[in-house]
Number of protein chains: 2
Amino acid sequence: MTTTADERAVGYRYVGKPYTRIEGRAKVTGTTLYTGDLKLPRMTFARLVRSPHAHARIRAIDPSAALARRGVVAVVTAANLRLEHFNPSNRTHHLLARDEVSFVGQPVAAVVAEDEATAEEAVELVRVEYEPLPHVIDPLEAMEPDAPLVREPVAEASDRSEERGHVTLSVNEQENVGKPTNIASQIRFQRGDVAAGLAQADAVVERRYRSGMVHQGYIEPHVTVADCDPDGELTIYTATQGPFHVRNEVSKLLGIPETRVRVVALELGGGFGGKIYLEQSLVAALAMSVRRPVRMAWRRSEDLLAATPAPQAVVDLKLGMKRDGELCAIQARLVYDSGAFPGAAMVAGAMLLGGSYRCPHLDIQGFEVLTNKASVGALRAPAAHNAAFAIECALDELCAQLGLDPLETRLRNAVGEGDLMPTGQAYPRIGLRQALEAVRDSDLWRRRGRAGARAASAKARGIGLAAGGWLGGLQPAGAVVALNSDGTWNVLVGSADITGVNTNFRQIAAEVLGVPIEEIGVSQGDTRTAPYAGMSAGSKTMYTVGTAVARAAEEARHQVLEIAADQMEVTVDDLEIIDGTVRVKGSPDRSLAMRRIAASCTGFGSRYMPVIGRGAMAPRRQAPGFAAQVAEVEVDTETGEVTVIDFVSAQDVGFAVNPLNVSGQIQGGTAQGIAIGLFEELQWDADGRLRNPTLLDYRMPTALDVPNITDIQVEVPSEEGPFGARIVGEPPIVPGGAAIANAIRDALGVVPDTMPFTPERVLRSLGRPAG
Amino acid sequence: MTTTADERAVGYRYVGKPYTRIEGRAKVTGTTLYTGDLKLPRMTFARLVRSPHAHARIRAIDPSAALARRGVVAVVTAANLRLEHFNPSNRTHHLLARDEVSFVGQPVAAVVAEDEATAEEAVELVRVEYEPLPHVIDPLEAMEPDAPLVREPVAEASDRSEERGHVTLSVNEQENVGKPTNIASQIRFQRGDVAAGLAQADAVVERRYRSGMVHQGYIEPHVTVADCDPDGELTIYTATQGPFHVRNEVSKLLGIPETRVRVVALELGGGFGGKIYLEQSLVAALAMSVRRPVRMAWRRSEDLLAATPAPQAVVDLKLGMKRDGELCAIQARLVYDSGAFPGAAMVAGAMLLGGSYRCPHLDIQGFEVLTNKASVGALRAPAAHNAAFAIECALDELCAQLGLDPLETRLRNAVGEGDLMPTGQAYPRIGLRQALEAVRDSDLWRRRGRAGARAASAKARGIGLAAGGWLGGLQPAGAVVALNSDGTWNVLVGSADITGVNTNFRQIAAEVLGVPIEEIGVSQGDTRTAPYAGMSAGSKTMYTVGTAVARAAEEARHQVLEIAADQMEVTVDDLEIIDGTVRVKGSPDRSLAMRRIAASCTGFGSRYMPVIGRGAMAPRRQAPGFAAQVAEVEVDTETGEVTVIDFVSAQDVGFAVNPLNVSGQIQGGTAQGIAIGLFEELQWDADGRLRNPTLLDYRMPTALDVPNITDIQVEVPSEEGPFGARIVGEPPIVPGGAAIANAIRDALGVVPDTMPFTPERVLRSLGRPAG
């Protein structure tokens, strides 16, 4: 299904046009059924006993006082759980801690009770005897040879299947050898001779860039309801981006064939990469244990403390440039803090640091380091913003030193089709350059450097640019498009709709079938009823499932034409479908309404088979997306507060099947990027306790914090995506923090070395320690 | 998928073997979720105000007292309902009575309340002012020219789509002309010259045979929960045999496209033809009206009074036979009492009366007559048992007169492939003769006529034979067979499983795929997720959906082989699947486990598309099923009580995919036939009030009433059914009552002219009026 954006001129009817989201009204009117709304007969409620220690040995667990409490159904510990597999390096295998806890908030026991309040109270009655062990919280300290080990043992290879859903890379990680360390994984990308490259440079910047650990910010905390029937068949209702992945993991861990596990992914209250698979096997195991439905809903504070936030990173970067703006050397070491278990997309970060610009000499080393904190997960282009902050910030500093225009310099070095990634793989068709060009033509960028921008007062204004991208994940997918007996249509997919894709699928089906869009419904089935689809992550859902929908619609269309051809005694090639009516080409008076065809293949004694189109696809190559963003900020030099005044976000989206949804993705991703740049940071004390486990203390952006964002949709069609669409969801989060950093530099001449750029850090960068 | 039973010898692995029902354990352990178990947030409860009159004009409805009651949400009448269509002759269009009620129990208003008890109480507070109108209860009286009309008007053509789901006949009914009457429809089948035929006969029997109105006897009364979201999308959870039919009807009546109606058919607590579509549109309309979920569950007494029982019939039959046993003339008039709206499968009854035996001269007239009672519906081979009673009983009477053997006489006249039905249509391959031959060889039939059978006391014993069949319905169907990522399989169908078909589908999929049966799960989707299937009625589900499953499995198998061929670098033809492993033929060491193939088409970056097989079918011809049954009875000549001592039920099933399920069908259908013959009858008084609206008074059989039933599965393979299977569910109910009648005749020399053969009627037939 490869077409180019140019074909829009030919006149698409439904794709390429804005449609509001199918599920929008139910969401805004509060009638959407979320997992937490479920009530099953005889349902019980589970709450977790969590570790107060960053690292400790569990000496004993005494559930007797909790069990004695009226209404408590069970207290379950690791000793009660029978798993088919156990890899100590895999966080999700630690349904409950065995003999050791390795982060504050780690689940140690589960209390199941008749109601939530009883469960909550009984949690306090479970006595756990701990023997504290040495811990390490800072990733650089954790890399030291004499650092305490985060867990014992730490050396097993971990399962990275979930991570690969976000970005599908084929690289060989280096193996750990020798003495166990907290370094969970490492990678090195080398090209040319970096020392020689640096020697050729006319200017070199060498700096350390730090970025904080952030939460994905989904509004609905983790929640799962599991039910187990007398035959041992499991039904799991859960808030997940990847129902088939949950099925696979639960099946493997609990030793139940997938055909006996039904995962129902209800409407998701936000995910952003952090809602795929975490507590589901535990809740399933509890349901199997108590033989009643079990509901487990985390509180906000538990989710902030002990879910899977995005990693902090420390990037040491040395960047060399020639006088004419040619980038000649990148030397970097990226340290990602993975928390107590592997899970940081460090390889992606290391790759992307050297992935936006051509550079003959590079040496990039990545380390994934364990610390005694909650382990990390994906957040929209995981690990990318940390790397973008470093490379984009250093680039602007070099431009400033050499008196070069940041945009033209980026354009000069920007990668394009055929250029190599640090992995050695060549890029397919991409649109980084076109995104930069779009930004160059924006009013905001044109305003840069004009004198009037800076206020006379203590407020300093600046405009900054950054770019960044994401490769995207690859995973097969299927779809079914079926004709109802009244002539309307149902599209069935297995993917969770977190971005409005179902609305896009409806457009694709209408376009391919040639029927009015109102006559098409789109549903997500569960893992029993839906065609397989990979997780909704890695920006790939439109790219993969969208193609499967198009193919299913094509097959269904052909079935319709075959019925009509038989009824009208013509050949399929003589027919076309216009506005839901099958017509003989050139004979507008010879037509057959879809309703009649539908009746003829569903009614009693009908001669025709029901129209059920099936489509599937296995993507062979990625369709990376790049974004270029410009931020205008105002910095209060007295308080250090940074306010974003204006923002432009240009992105190559391949082909915007639904420009309104694409805009929503760009706006939302950009807003998250701004928040990562300015506000969001999980703060840990020296003992690994989270200092800001509530939304009063963990600062998420409000509508007041987000400026007007002008989104520009650049369309460089992908080779394989439906109608040329490429990945959209993740790129807009990548360059935001870096753009703000460069705007701050534009305003102040300096920029803090640590993201987010809080007032304290801004003042400190100005040489004025805060408060 | 046409194979013959002979191929069983070739060695099927899974089909043709007994398997217990997939859903059996949940049912017997009480954990099955039925519609009545559902609890939705904010759910309300509806109860119906029902007419106390058989016929009356509604003068006024005053809901004020009910509305004033605390907890009452709404009182809805016909005036509040907006329907897209209204055909006064279609009972299901009368969601609530408009200006007139035409049977006792007809819904007049619905009360919706916060709980069931409040709704129940408020029903009593709704004041309805009626003006009684003349009524007619007996169908023969209703046919009189001066009989009061059951409704005004009565003449519109009614929608027979549901009826056609049970038996698909193409005949032209005669149209009513002239003055309106209570005759809703009529048919006449003629062949040869019946007067001449009767003149050739050496013996003629002329009698009237009556059979009672019976309830289907499902244990779960009608129950529906409907929910309507803010966008107007409907979800209907309901106990139905035909979810797609419900969708179609609700969609048409309420004017909502099918793509916006989701019908979820939960496990059914019995149906037998009576649970397809009745109250669903009303409950949906109530949910739309109150904007909250609405649950309506009928009480047992409501279901007995005002659902859709099976019609009573009065058959006047004149049958002529030659001395040598050749049947030479059938002259019959069948009057089916349809209640207040059309719905009796009269045409099927009239057809079947002349459908079991070759006869050169026939004249069969059928009338469907309206009366002021609840209108009728299907019950397992609807209208067939009434006709079988007449023809089979008259046949035995002729044999007795002519001194012929009842079995040999039937064999002599029995229809076979190519013989014509009264419609003029030729039979496909059928097995009536083979079923009769099987009975002839049974111990029970061999025992007939031996002196020892009759007891010396007042107990008389007799053995009687009868035969009968059913044509079956035709409706297209689809199915999906998909490979899970762990190598197990899911089969997805849209049909309700009322007979164990899901278990059979599992066998079919295992057989076709070549994988262990334990690795296959079968699910029924809802109307959004499932491939289309016709209603589970007309004995066609195995016949149609079973074929679709086989085809879907074949397609999935081919997809698996294509992946394996690519991976193993061989061609598809080189491969076979044995026990779930793909092997190179002749090279047992070269194999690929299904688990590995599954992983290769679902994982991250996988090169292969997910395996999703789609199958569909549109049956072109029927596969009629015939049963021959022998009953041994003991009649207490003092009390008139008839006890069935022994029973043989032989039936041509084409090919028993699952002999255990087939046996269940034969045993269950036979038990119902026995009950129709001996116990079950809805009794109406002269004012159309039901005299036995509880299970204490309406006598359903208990385990004590049902004798040992020997079922004999005869296999005359059908042309189109999967592995040769043909219709199974309906035929066993057909001849039971007639077999008992003939056994009574064998014991007593006479037989009551009215079914069921209650003690009173038996005594009366002996010339001794009871009590």
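Residues numbered from 1 in each chain as written. Chains lettered and ligands numbered in written order. Predicted model: local features only at pLDDT ≥ 70, side-chain atom pairs only at ≥ 80, totals over all residues. Heavy atoms only, no water.

1. Focus on the overall build of chain A
Here's step 1: When you go through chain A residue by residue, the secondary structure sums to 21 helices and 27 strands.
Here's step 2: Against the compact-globule benchmark of 28 Å for 771 residues, chain A has a radius of gyration of 27 Å, which places it among compact chains.
Here's step 3: A sequence separation of at least 24 residues applies to 81% of the contacts in chain A between residues at least 6 apart.
Here's step 4: On chain A, roughly 26,000 Å² of surface is accessible, and the fraction owed to carbon and sulfur atoms is 47%.
Here's step 5: Of the side-chain charges in chain A, 78 are positive and 94 negative, and the distance between the mean point of each set is 1 Å. (Helix = DSSP H or I, 4+ residues; strand = E, 2+ residues; numbered from the N terminus. Rg over C-alpha atoms; globule rule 2.2 N^0.38 Å. Contact = heavy atoms within 4.5 Å. Areas by Shrake-Rupley, 256 points an atom, 1.4 Å probe, with all protein chains shown as cover. Lys, Arg positive; Asp, Glu negative; His and termini not counted. Charge placed at Lys NZ, Arg CZ, Asp CG, Glu CD.)

2. Some thoughts on the pattern of salt bridges
Here's step 1: Overall, the coordinates contain 100 salt bridges over all chains when judged by the stated rule.
Here's step 2: Arg262 of chain A is paired through a salt bridge with Asp526 of chain A; the nearest N and O atoms lie 2.7 Å apart. Residue Arg262 of chain A is found in strand E11 (residues 261-265), and its partner Asp526 of chain A is found in the loop between strand E19 (520-524) and helix H17 (541-568); the two are separated by 264 residues along the sequence. The pair Arg262 of chain A / Asp526 of chain A is uniform in exposure class, with both members buried.
Here's step 3: Across the pair Arg69 of chain B and Glu121 of chain B runs a salt bridge whose closest N-O atoms are separated by 2.5 Å. In this pair, Arg69 of chain B sits in the loop between helix H3 (64-68) and strand E3 (72-77) while Glu121 of chain B sits in helix H4 (residues 116-123), placing the two residues 52 residues apart along the sequence.
Here's step 4: Look at the salt bridges and you will find they share partners, linking Arg47, Arg50, Glu120, Arg299 and Glu302 of chain A into a network. (Salt bridge = Lys/Arg side-chain N within 4 Å of Asp/Glu carboxyl O. Buried < 20%, exposed > 50% of the residue type's maximum accessible area, 1.4 Å probe, protein only.)

3. Focus: the interface of chain B and chain A
Here's step 1: Taken together, the contacts link 65 residues of chain B with 66 residues of chain A.
Here's step 2: Summing both partners gives a buried area of about 4,900 Å² for chain B against chain A, and 57% of it is carried by carbon and sulfur.
Here's step 3: Of all residues in chain B, Thr259, Phe604 and Arg614 of chain B give up the largest surface area on contact with chain A, accounting jointly for 15% of the area buried on that side.
Here's step 4: The tally of links between chain B and chain A comes to 34 residue pairs in polar contact (both at pLDDT 80 or more).
Here's step 5: When residues of the side of chain B that touches chain A are traced back to their parent elements, those giving at least two are helix H6 (161-166), helix H8 (243-254), strand E17 (477-483), strand E18 (489-493), strand E19 (520-524), helix H17 (541-568) and strand E23 (612-617) of chain B.
Here's step 6: Looking at the side of chain B that touches chain A residue by residue, the classes come out as 23 nonpolar, 25 polar and 17 charged. (Buried area = accessible area lost by both parts, 1.4 Å probe. Polar contact = N/O pair within 3.5 Å; in protein donor to acceptor, adjacent residues only side chain to side chain. Nonpolar A, V, L, I, M, F, W, Y, C, P; charged D, E, K, R; others polar.)

4. A look at the relation of the copies chain B and chain A
Here's step 1: Relative to chain A, chain B is turned by 180 degrees and slid 0.0 Å along the rotation axis, the superposed coordinates differing by an RMSD of 0.1 Å. Expressed as an axis order, the relation between the two copies is that of a two-fold axis. In terms of C-alpha distance to the rotation axis, chain B has Thr529 of chain B as its closest residue, with the C-alpha 3.0 Å off the axis.
Here's step 2: Both copies present the same face, since 100% of the interface residues in chain B are matched by interface residues at the equivalent positions in chain A. (Least-squares fit on C-alpha atoms with pLDDT ≥ 70 in both.)

5. Focus: the sheet that holds strand E21 (residues 581-584) of chain A
Residues and elements named next belong to chain A.
Here's step 1: A sheet is described by the order of its strands in space; here three strands give the open sequence E20-E21-E22, paired in antiparallel fashion. Bordering the open sheet on either side are strand E20 (575-578) and strand E22 (587-593), each of which pairs with just one other strand. Direction aside, neighbouring strands of the sheet carry axes that sit 35 degrees apart on average.
Here's step 2: Looking at chain direction, E21 and E22 are connected through four bridges and run antiparallel. If you follow Arg583 over to E22, its bridge partner there is Ser591. (Pairing = 2+ DSSP bridges. Axes fitted to C-alpha atoms, helices over the stretch in contact; angles between N-to-C directions.)

6. Considerations on the nonpolar core
Here's step 1: Leu317, Ile330, Leu353 and Ile740 of chain A are the most contacted members of the largest nonpolar core, which has 126 residues in total.
Here's step 2: In terms of residues, this core owes the most to one element, helix H12 (residues 384-402) of chain A, which gives eleven residues.
Here's step 3: With sequence-adjacent residues up to four places away left out, Ile740 of chain A is seen in contact with Ala631, Val633, Val642, Val644, Phe647, Ile674, Leu678 and Phe757 of chain A.
Here's step 4: In this structure, Val150, Ile364, Tyr427 and Leu678 of chain B belong to the second largest nonpolar core, which totals 125 residues. (Core = buried A, V, L, I, M, F, W, Y, C linked by side-chain atoms within 4.5 Å.)

7. Things to note about unusual backbone geometry
Here's step 1: A cis amide bond, omega 0 degrees, links Met755 of chain A with the succeeding residue Pro756 of chain A.
Here's step 2: Tracing the sequence through the fold places Pro756 of chain A in the loop between strand E27 (754-755) and helix H21 (759-765).
Here's step 3: The phi torsion at Asp579 of chain B lies on the positive side, around 55 degrees, for a residue other than glycine.
Here's step 4: With respect to the secondary-structure elements, Asp579 of chain B resides in the loop between strand E20 (575-578) and strand E21 (581-584).
Here's step 5: We classify Asp579 of chain B as partly exposed; its relative accessible area is 41%.

8. A short note on the packing of helix H16 (residues 501-513) of chain B against H17 of chain B
Residue and element names in this part refer to chain B.
Here's step 1: Where H16 meets H17, the axes come as close as 9 Å, and the angle between the chain directions of the two elements is 30 degrees. Accordingly, the angle class assigned to the pair H16 and H17 is roughly parallel. Relative to H17, H16 is oriented so that their crossing is right-handed. Each of Val501, Asn504, Phe505, Ile508, Ala509, Val512 and Leu513 in H16 lies in contact with H17, whose residues at this interface are Thr541, Met542, Val545, Gly546, Val549, Ala550, Ala553, Glu554, Ala556 and Arg557. (Parallel < 35°, antiparallel > 145°, perpendicular 65-115°, else oblique. Left-handed = near helix turned anticlockwise from the far one by under 90°.)

9. As for the sheet that holds strand E27 (residues 754-755) of chain B
Pairing between the strands of a sheet comes from backbone hydrogen bonds, and it takes one of two forms, parallel or antiparallel.
All names here are of chain B.
Here's step 1: Ordered by their spatial adjacency, six strands build an open sheet running E7-E15-E14-E13-E8-E27, and the pairing between neighbours is mixed. Across the chains shown, the open sheet's two edge strands, defined by having one partner strand only, are strand E7 (183-191) and E27.
Here's step 2: Sheet strands in contact with helix H11 (residues 346-353) are E7, strand E13 (313-321), strand E14 (327-339) and strand E15 (362-370), and its direction is about 20 degrees off that of E7.

10. Comments concerning the confidence of the model for chain A
Residue and element names in this part refer to chain A.
Here's step 1: Looking at chain A as a whole, its pLDDT mean stands at 94, while 94% of the residues score no less than 70.
Here's step 2: In the predicted structure, residues 1-7 sits below a pLDDT of 50 and forms 20 contacts with residues beyond four places in sequence or in another chain.
Here's step 3: Note on the complex model: pTM 0.94, ipTM 0.93. (pLDDT = per-residue confidence, 0-100.)

11. Here we look at the packing of H8 of chain B against helix H9 (residues 280-290) of chain B
Residues and elements named next belong to chain B.
Here's step 1: Direction vectors running N to C along H8 and H9 enclose 55 degrees, while the axes themselves pass 9 Å from each other. The angle between H8 and H9 places the two elements in the oblique class. The two elements H8 and H9 meet at a crossing, and its hand is right-handed. Between H8 and H9, the residues in contact are Val246, Glu249, Val250, Leu253 and Leu254 and Gln280, Ser281, Ala284, Ala285 and Met288, respectively.
Here's step 2: Taken together, the residues of the contact of H8 with H9 sort by class into seven nonpolar, two polar and one charged.

12. Looking at the packing of aromatic side chains
The geometry of an aromatic ring pair is captured by two quantities: the separation of the ring centres and the angle between the planes.
Here's step 1: Scanning the entire structure with this criterion turns up 14 aromatic pairs over all chains.
Here's step 2: For the pair Tyr12 of chain A and Phe655 of chain A, a centre-to-centre distance of 5.8 Å together with 70 degrees between the ring planes defines the contact as edge-to-face. In this pair, Tyr12 of chain A is assigned in the loop between helix H1 (8-11) and helix H2 (24-28) and Phe655 of chain A in the loop between strand E25 (642-652) and helix H19 (659-678), connecting sequence segments 643 residues apart.
Here's step 3: Judged by relative accessible area, Tyr12 of chain A falls into the buried class, the value being 14%.
Here's step 4: Given a relative accessible area of 2%, Phe655 of chain A falls into the buried group.
Here's step 5: Here Phe244 of chain A and Tyr532 of chain A contribute two aromatic rings whose centre-to-centre distance is 4.9 Å and whose plane-to-plane angle is 55 degrees, an arrangement assigned as tilted. Taken together, the residues span a long stretch of sequence, with Phe244 of chain A in helix H8 (residues 243-254) and Tyr532 of chain A in the loop between E19 and H17 at a distance of 288 residues. With respect to burial, Phe244 of chain A and Tyr532 of chain A carry one shared label: buried.
Here's step 6: Put simply, the rings of Tyr12, Phe655 and Phe723 of chain A pair up and form one aromatic cluster.
Here's step 7: The ring of Phe86 of chain B is capped by Arg98 of chain B, whose NZ or CZ atom sits 3.5 Å from the centre of that ring. (Phe/Tyr/Trp six-rings, centres within 6.5 Å; stacked < 30°, edge-to-face > 60°. Lys NZ or Arg CZ within 6 Å of the ring centre and 35° of its normal.)

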